[in-house]
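These are the residues of each chain, in order.
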Amino acid sequence: MTVRLNLRTLFLDHSAALGGAELYLLDLAPAFAPPGEVLLLEEGPFYEKLRAAGIPADVIAAPEAVRRVAREAGPFRALRAVPGLLRLAWRVARKARASI
């Protein structure tokens, strides 16, 4: 039995790889779509699975400086990513407002 919810929901996932969270979202998203959709920060296998399942999905590519930041990265690498992170946050917020 499929339950359809009448909510406009924007799911945000940083990865386009197929991990546990992404597989769960693949099961969850159809209950919200449409009008809900999934927004990814990179293109990859998860994006392809979403599209094949008929789930609205879009990609806003994260800047290279943001993608290179890792837990073990030093403070200078993190600081260099701040401008790109702010632009990315602005683009995600704009997409979220457009979804309302």
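Every value quoted in this text rests on a predicted model; they were computed, and no experiment measured them. Every chain's residues receive numbers from 1 upward, in the order its sequence appears when written. A pLDDT threshold of at least 70 governs which residues receive local features in this predicted model, and a stricter bar of 80 or more applies before side-chain atom pairs are shown or counted, although totals over entire chains, interfaces and linings include all residues. Each side-chain value is derived from all of the structure's non-hydrogen atoms; neither hydrogens nor water enter the calculation.

Novice: It is not clear to me how helix 1 (residues 20-28) should be interpreted in this structure. Could you clarify?
Specialist: It helps to recall that an α-helix has 3.6 residues per turn; residues three or four apart then point in one direction. Listing the buried residues of helix 1 in full gives Glu22, Leu25 and Leu26. The arc that holds every buried residue of helix 1, seen down its axis, measures 105 degrees, which confines them to one face. Counted as exposed and oriented over 90 degrees from the buried face of helix 1: Gly20, Ala21, Tyr24 and Asp27. Contacts are assigned to residue pairs that have any heavy atoms within 4.5 Å of one another. Numbered from the N terminus, helices here are DSSP runs of H or I no shorter than four residues, and strands are runs of E no shorter than two. Against strand 1 (10-13), strand 2 (37-40) and helix 2 (45-52) lie the buried residues of helix 1. Accessible area is worked out with a 1.4 Å probe on protein chains only. A residue is then buried under 20% of its type maximum, exposed over 50%, and partly exposed in between. This arc is taken over the directions from the axis of the helix to the C-beta atoms.

Novice: I'm lost on the nonpolar core in this one. Help?
Specialist: Across soluble globular proteins, nonpolar side chains show a tendency to be buried alongside one another. The set of buried Ala, Val, Leu, Ile, Met, Phe, Trp, Tyr and Cys residues whose side-chain atoms join them within 4.5 Å is what this entry labels a nonpolar core. In this structure, Val38, Leu40, Phe46, Leu50 and Ile55 are the most contacted members of the largest nonpolar core, which totals 15 residues. Breaking this core down by element, the ones donating at least two residues are helix 1, strand 2 and helix 2. Considering each element in turn, this core owes the most residues, 3 residues, to helix 2. In this structure, Ile55 is in contact with Leu26, Ala29, Pro30, Ala33, Val38 and Leu50, ignoring residues within four places of it in sequence. Counting residues in each nonpolar core, the second largest holds 8 residues, with Leu41, Val66, Ala81 and Leu88 among its members.

Novice: How do you make sense of the packing of helix 1 against helix 2 when you look at a structure like this?
Specialist: In helix packing, the relevant descriptors are the interaxial angle and the interaxial distance, both defined with respect to the helix axes. Axis definition: a line fitted to C-alpha atoms, limited for helices to the stretch in contact. Angles are taken between N-to-C directions and run from 0 to 180 degrees. Closest axis-to-axis distance for the helix 1/helix 2 pair is 11 Å, and the angle between their directions is 10 degrees. The pairing of helix 1 with helix 2 is recorded here as roughly parallel in orientation. Counting all contacts with helix 1, which are made through Glu22, Leu25 and Leu26, the residues of helix 2 involved are Phe46, Lys49 and Leu50. In this count, Pro and Cys sit with the nonpolar residues alongside Ala, Val, Leu, Ile, Met, Phe, Trp and Tyr, while Asp, Glu, Lys and Arg are called charged and the others, Gly among them, polar. The residue makeup of the contact of helix 1 with helix 2, split by class, is 4 nonpolar, no polar and 2 charged. The cut-offs work like this: below 35 degrees is roughly parallel, past 145 is roughly antiparallel, 65 to 115 is roughly perpendicular, and the gaps in between are oblique.

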